[in-house]
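One-letter residues, chain by chain:
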Amino acid sequence: MSVRLAGTALREIRIHVCQKSPASAGVRAFIENDYVPIKKANPQFPILIREASGIVPRIFARYEHGVERVATLENLSRDVVKSTIANFAAQK
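What you see is a predicted model, and the numbers here were worked out from it, not measured in a lab. (Residues numbered from 1 in each chain as written. Predicted model: local features only at pLDDT ≥ 70, side-chain atom pairs only at ≥ 80, totals over all residues. Heavy atoms only, no water.)

Buried residues of helix H1 (residues 25-33): Gly26, Val27 and Phe30, and no others. Along the axis of H1, the buried positions cluster into a sector of 100°, meaning they face one direction only. Tucked into the core, H1 has its buried residues touching strand E1 (10-17), helix H2 (35-41) and helix H3 (78-90). (Buried < 20%, exposed > 50% of the residue type's maximum accessible area, 1.4 Å probe, protein only. Helix = DSSP H or I, 4+ residues; strand = E, 2+ residues; numbered from the N terminus. Arc of directions from axis to C-beta. Contact = heavy atoms within 4.5 Å.)

Another aspect to go through is the UniProt feature "domain: Ribosomal protein/NADH dehydrogenase" (unreviewed entry) in the protein. Sequence positions flagged by UniProt for "domain: Ribosomal protein/NADH dehydrogenase" (unreviewed entry) are, in local numbering, residues 19-92. In the segment residues 19-92, helix accounts for 39% and strand for 22%; the C-alpha atoms at its two ends are 32 Å apart. (UniProt positions renumbered as here; feature names shortened; annotations may be inferred.)

The next thing to look at is the sheet that holds strand E2 (residues 47-51). Across a sheet, strands are paired by hydrogen bonds formed along the backbone, either parallel or antiparallel in direction. With mixed pairing, four strands are arranged side by side in an open sheet as E2-E1-E3-E4. Among the strands making up the open sheet, the edge pair consists of E2 and strand E4 (68-72). For this sheet the average axis-to-axis angle between neighbouring strands, irrespective of direction, equals 15°. Bridge analysis of strand E3 (residues 58-63) against E4 gives five bridges, and the strand direction is antiparallel. Bridge pairing links Arg58 to Thr72 in E4. Packing of H1 onto the sheet brings it into contact with E1 and E2, and relative to E1 it is tilted by some 125°. (Pairing = 2+ DSSP bridges. Axes fitted to C-alpha atoms, helices over the stretch in contact; angles between N-to-C directions.)

Between H1 and H3, whose axes approach to 7 Å, the crossing angle comes to 75°. When the axes of H1 and H3 are compared, the pair comes out roughly perpendicular. Side by side, H1 and H3 meet where Gly26, Val27, Ala29, Phe30 and Asn33 of the first sit next to Arg78, Val81, Lys82 and Ile85 of the second. (Parallel < 35°, antiparallel > 145°, perpendicular 65-115°, else oblique.)

Glancing now at the nonpolar core. Core analysis: the largest hydrophobic core is formed by 21 residues, its most contacted members being Leu5, Leu10, Ile13, Ile15, Ile59 and Ile85. Only E1, H1, E3 and H3 provide two or more residues apiece to this core. Contact partners of Ile59, with chain neighbours within four places excluded, come to Ile13, Arg14, Ile15, Arg69, Val70, Ala71, Leu73, Thr84, Ile85 and Phe88. (Core = buried A, V, L, I, M, F, W, Y, C linked by side-chain atoms within 4.5 Å.)

It is worth spelling out the pairing of E1 at this point. Counting buried residues along E1, six of its eight residues qualify, which places the element largely inside the surrounding structure. Direction of pairing for E1 relative to E2: parallel, over a ladder of five bridges. Residue pairing for E2: His16 is matched across the bridge by Arg50.

In structure tokens:
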């Protein structure tokens, strides 16, 4: 089941991930397995992926009026990453 992002208060998602760090393994697995279905279900919604060496994996959610929320994704599984995105989409 894909996450619905369009039509919520959420305006943009940015994912920061390290290409090699074990702490980013769950985020990389999410990108490899779940990104395409979510993007196909939300083709106009901006989902930005930023890779940088040695960073702590994080997700940034930007809402209406410039409000931003952030969650650290260090050592989390791909399912937890997906549920984090769903939780951000459900917030007002």
